[in-house]
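# Structural overview
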Amino acid sequence: MPNHSPYARRLREIADALDAEVQPTDDALTPHPDTLEVIRNRHTKRGQLNHAVPEVLQLQRRIRRHNADTGVPHGDIVALALDTWLRAKGYPPDLTSRKAEER
């Protein structure tokens, strides 16, 4: 009789990983919990993100207005928006290297 224990172990690992996945919410714009953790950590290294965007969208003005209304820093607004959009498109970040650096 073949030994299926390695396969059963791997299936349990996959099931555990799927259980750990964040379940979708009704609001597609809800930030991922991992992203919120990164944003809240003020010791996170930050980099500049400069891109030309269409002026007609008034993104800078709208970001400033949102910051004034909520107190959320400009960089966090951009990070949350881009991360949410990229995750929705199937491009999540690899945060395993960040967690290894914290140890």
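In what follows, the structure referred to is the one given above.
Just so you know, these numbers come straight off a predicted model, no measurement behind them.

Once that is clear, we can look at the packing of helix α2 (residues 33-40) against helix α4 (residues 74-88). Put simply, α2 and α4 touch, their axes get as near as 11 Å, and they point 160 degrees apart. With respect to each other, α2 and α4 are oriented roughly antiparallel. In terms of crossing hand, the pair formed by α2 and α4 is right-handed. Of the residues in α4, those in contact with Asp-34, Thr-35, Leu-36 and Ile-39 of α2 are Asp-76, Ala-79, Leu-80, Asp-83 and Arg-87.

Compared with an ideal rise of 1.5 Å per residue, which puts 15 residues at 21 Å, α4 spans 22 Å between its outermost C-alpha atoms and is within 8% of the ideal. Where α4 is concerned, the buried positions are Asp-76, Ile-77, Leu-80, Asp-83, Thr-84 and Arg-87. The arc that holds every buried residue of α4, seen down its axis, measures 145 degrees, which confines them to one face. Buried residues along α4 sit against α2 and α3 (59-70). Where α4 terminates, the next one or two residues include Gly-90, which has phi positive at roughly 95 degrees.

Cut-offs and rules
- Residues numbered from 1 in each chain as written.
- Predicted model: local features only at pLDDT ≥ 70, side-chain atom pairs only at ≥ 80, totals over all residues.
- Heavy atoms only, no water.
- Axes fitted to C-alpha atoms, helices over the stretch in contact; angles between N-to-C directions.
- Helix = DSSP H or I, 4+ residues; strand = E, 2+ residues; numbered from the N terminus.
- Parallel < 35°, antiparallel > 145°, perpendicular 65-115°, else oblique.
- Left-handed = near helix turned anticlockwise from the far one by under 90°.
- Contact = heavy atoms within 4.5 Å.
- Expected span 1.5 Å × (residues − 1).
- Buried < 20%, exposed > 50% of the residue type's maximum accessible area, 1.4 Å probe, protein only.
- Arc of directions from axis to C-beta.

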